[in-house]
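Each chain, written out:
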Amino acid sequence: MNRAFSMSILLLLTLVAQRSVADTMLTVSETKGGFALFDKSRVATIYVDAGEPVAVRKAVALFAEDVERVTGLKPVVTANAKAAQIIIGTLGHSPYVDRLVKGGRVDAGTISGGWEQFLIKTDGDQLFVVGSDRRGTAYGLFTLSEKMGVSPWYWWADVPVERRSSVYVTADYVSKTPSVKYRGIFINDEDWGLKPWATTNYEKELGDIGPRTYARVCELLLRLKANMLAPAMHSCTGAFYSHPDSKVVCDSFGIIVTTSHCEPLLLNNAAKSEWDQNRDGDWNYKTNRETIVKKWDDRLAEASQYENIYTVAMRGVHDAGLRGNLPMNERVPLIEQVIKDQRELLVKHKAYSPISSPSSSPDPRTIPQIFVPYKETMDIYENGLRVPDDITLVWVDDNYGYLKRVSNPEEQRRSGRAGVYYHLSYLGAPHDYLWLNTTPPVLMYEELKKAYDTGADRYWLLNVGDIKPMELGIQTFMDMAWDFGTFNISNTKCHQAEMLASLFGKEHEKEFQTILDDYYRLAWSRKPEFMGFEYEWDDKEHTGLKPTDFSFQNYGDAQQRLADYQRLSDAVELMATNIRGAGHVLYGNSSASDAFYELLQFPVQGACQMNRKFLMAQLNQELGAQGLFAEANWAARQMEQAYDSIDALNRRYNEQLNGKWRGMMALSTGFTNTTMYYKKPEVKRYDGINELPVDLTPKHETLQGCYVLDLSNYDNKSSDARLVSGIGYDWQVMQLGQATYSFPAVSRDTVEVTVYTVPFWPLYAGKSNVVSIAVDDGQPQVFENKFEEYSRTWKDQVMRNGAVCRLRFAVDKTKAAHTISFIAKDPGQMLQRVIVDWGGLKPTYVGPEMSPL
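Predicted, not measured: the structure shown is a model, and the values here were computed from it. (Residues numbered from 1 in each chain as written. Predicted model: local features only at pLDDT ≥ 70, side-chain atom pairs only at ≥ 80, totals over all residues. Heavy atoms only, no water.)

A. How the structure looks around the overall build of the protein. When helices and strands are counted, the protein shows 19 helices and 30 strands. Expressed along its principal axes, the backbone C-alpha trace of the protein runs to roughly 85 × 70 × 65 Å. Within the protein, buried positions represent 62% of all 853 residues. Sequence-distant contacts in the protein: of pairs separated by 6 or more residues, those separated by 24 or more amount to 75%. Surface summary for the protein: the accessible area is close to 32200 Å², and the carbon and sulfur share equals 50%. (Helix = DSSP H or I, 4+ residues; strand = E, 2+ residues; numbered from the N terminus. Buried < 20%, exposed > 50% of the residue type's maximum accessible area, 1.4 Å probe, protein only. Contact = heavy atoms within 4.5 Å. Areas by Shrake-Rupley, 256 points an atom, 1.4 Å probe, with all protein chains shown as cover.)

The structure is reproduced here in structure tokens:
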């Protein structure tokens, strides 16, 4: 066993041991022993002080409902501590709990003065849940709820709760400080999901996303141990502050309000109620400063007493660039003045600070503020913008999961630290992906780890679209933000399978892992929304649905993709039948099959049918061109069936559970007529000719005149190089360092090497994506993946999830074998597929699969 592998195993075992220790310090069981929360029709009484924060009292009420879900009995909540067996309190807010701490009955030294920490302790016939602050107490309660079997997703994903005949708790548990201080979601691009669902279904009395919807969102966030929300802000939705109760609801759950990169000081200029050019003039700070400052001033007057995180600086209207067409040497001082004016307003309104006393004039350095260098704002920052040291720099991904940069050594010394704005869903160029969750956990981990290791531990915001169907990705992100140390490059890909197994049965965990691996692998090379091979917001050449680049002629390329998706679809269909027949005694109207459909079956089968729709349309065109009209007619009908199946899958999602989610699930039609993936692709039918089925069984041909490296079969590698599973075209990549491989004899004196890498951005200025490549003892050649955002190179690599280069090398064709070596100038680059061609490579999408040993 090599040393690197041994160290990986040791690290994995250490993390498992850490989780096991935590689990044994807090156990909930039906077996008698420990504190009896529920035993023989008797349920324990809960104490909470009437002076506790509203968020704590709300969490207590929800916990009581959770106990009822599990036991069938709802516990009494009392302000009489002597009559209670469960004692709940927040340090400094519960005189009774403070006396217990002072008297030594409860040891709260490890959480006193802490941020969002809690302890859970059993002592004889009492159970104590004590928090360092209001959210800490709530997190402690919901930790118990989850241990009892109430998923954070019991409402949002309809995960049923299994009844228990008794509930015993053994606990001596103290939570750590969260890895990331501020953790939350951004509801975005809600036009085709959350907005129509709330408007016509859940909150139809208001006809908008409002306080009733936000109450459900905030409850979910608390249960996920998140603490902040960036509300929906598209123009189709009423501005968050246009419904005054929405901010009150968020505060009642202890949820902090933050805003997107384009909503400075909580002002949503995409909503006409907040900014109307006809009424307010141009959103131009140079020419209309007084009006803009008055808007901010009014917003802070109504909102500054609540717990908020303030976006500073400014962009244009909604997601547009800064107004005024100013040269860069004017933009930089203008934005510096904007930030200065904004901070003066925060001080004027005594904006809530977690440090300053409410009665004192706050130090602006103690008020949570973020600067988000998103799109053109990054250029302004890179051109010398001075951002006060206490403001958190929130680094952004490129909207497709790849961070554009992280803090350099100088920025890592900032007192405001750094944060991350990351996407699971996006509306924009080169293409939307709003329908399904297809961001693999390992990519998420790799990018967040880069940021975290360079100081991004202050603020993590996740763009989740409509929340549904992004549940698995949200859970992974929030678990990382809460305790990043329990994740590593090896165990991250197992996280979602473990989650599903905890909901639907441990006996299914291996099958869940297999399904998720293949689901994410297939979407890695081409997301379902990208299968029309059209680009959005682009020129005429790249607009409109096109045949895919998957080949029906070579290497079983398209056939294998269809077969893989069909296998996955059949697997989840069979699993759904087994889960439906499990026969658990459940609480509520939902069944396990409803939750299974939402969390796994729908995305798998939806992705399958989207791929079938486009690949069958392509096959129809190819067969017709070959004069195989009967076969072409069959392929046309297969396309129609796939198109109808997508509609049926969406309809089932919306209509199950008596229409609970009616209005939620739909294909986005986008904001441009270049959005076409949701449409029916063109096929040709040949009248008077019967259909003849086509055998699409994958028939893999032996590679001739080319060779694909097996990246796991390296000759040698450096200590900083490693194989990473759960990412890449073949679901395994080599992260460099340095690595050397062998390939067999060739029949020509030159070879062309095609290298696909994972399309990372350089860490920061001065770092690079350079990989040096050499064959045998020849002169190395350099591949540097240099690109600009929105360039053709960048768009192409976004769509295929890979950067590509082709290099030609001279070789001695008399040699029996050859070597090829790769060295990364800056460690971290990932090889995902390498093809050596000496004249035999045939066209496919991203090359054939790896050659057999």
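Next, the rest of the story.
B. Representation of the side chain of Asn227 in the model. Tracing the sequence through the fold places Asn227 in the loop between helix H6 (211–223) and strand S12 (228–230). Among the residues examined, Asn227 registers a relative accessible area of 0% and is labelled buried. A polar contact is formed between the side chain of Asn227 and the backbone oxygen of Lys181, at a distance of 2.8 Å. Polar contacts involving the side chain of Asn227 include one to the main-chain amide nitrogen of Arg183, which spans 2.8 Å. Dropping the residues within four chain positions of it, Asn227 is found in contact with Trp115, Glu116, Arg135, Tyr139, Lys181, Tyr182, Arg183, Gly254, Ile255 and Ile256. (Polar contact = N/O pair within 3.5 Å; in protein donor to acceptor, adjacent residues only side chain to side chain.)

C. Main features of the sheet that holds S12. Across the sheet, which stays open at both edges, the eight strands sit in the order S13-S12-S11-S18-S17-S16-S15-S14 with parallel pairing between neighbours. Only two strands of the sheet have a single neighbouring strand rather than two, namely strand S13 (256–257) and strand S14 (310–311). Strand direction decides the pairing type here: S12 and S13, joined by two bridges, are parallel. Across the sheet, residue Met228 finds its bridge partner in S13, namely Ile256. (Pairing = 2+ DSSP bridges.)

D. Spotlight on the nonpolar core. With 236 residues, the main nonpolar core has Leu37 and Trp156 as its most contacted residues. With residues up to four places along the chain from it excluded, the contact list for Leu37 reads Arg42, Val43, Ala44, Phe63, Val67, Ile86, Leu127, Met148, Val167 and Val169. Core analysis: the second largest hydrophobic core is formed by 29 residues, Tyr707, Val746, Ile773 and Trp838 among them. (Core = buried A, V, L, I, M, F, W, Y, C linked by side-chain atoms within 4.5 Å.)

E. Structural detail: the pairing of strand S1 (residues 26–29). The alternating pattern of S1 places Leu26 and Val28 on a buried face and Thr27 and Ser29 on a face that is not buried. Of the pairings in the sheet, the one linking S1 to strand S10 (residues 166–174) comprises four bridges and is antiparallel in character. In the sheet register, Ser29 faces S10, and the bridge partner there is Tyr168.

F. Structural context of the side chain of Arg164. Locating Arg164 in the fold gives a position in the loop between strand S9 (161–162) and S10. Among buried charged residues, Arg164 stands out as having no salt bridge; its nearest opposite-charge side chain is Glu30, 4.5 Å away. At 2.8 Å, the side chain of Arg164 forms a polar contact with the backbone oxygen of Met148. Leave out the neighbours within four places in its chain, and Arg164 touches Val28, Ser29, Glu30, Phe38, Val70, Thr71, Lys147 and Met148. (Lys, Arg positive; Asp, Glu negative; His and termini not counted. Salt bridge = Lys/Arg side-chain N within 4 Å of Asp/Glu carboxyl O.)

G. Representation of the packing of aromatic side chains in the model. Considering all chains together, one arrives at 50 aromatic pairs under this definition. Look at Trp275 and Trp283: their rings are 4.9 Å apart centre to centre, the planes differ by 80°, and that puts the pair in the edge-to-face class. With respect to class, Trp275 is no different from Trp283; both count as buried. Here the aromatic rings of Phe504 and Phe596 are separated by 5.7 Å at their centres, their planes lie at 85°, and the arrangement is edge-to-face. Here Phe596 lies in helix H17 (residues 592–625) and Phe504 lies in helix H14 (residues 495–504), a separation of 92 residues in the sequence. An identical accessibility class is assigned to Phe504 and Phe596; each is buried. (Phe/Tyr/Trp six-rings, centres within 6.5 Å; stacked < 30°, edge-to-face > 60°.)

Nothing here speaks to function; it is geometry throughout.
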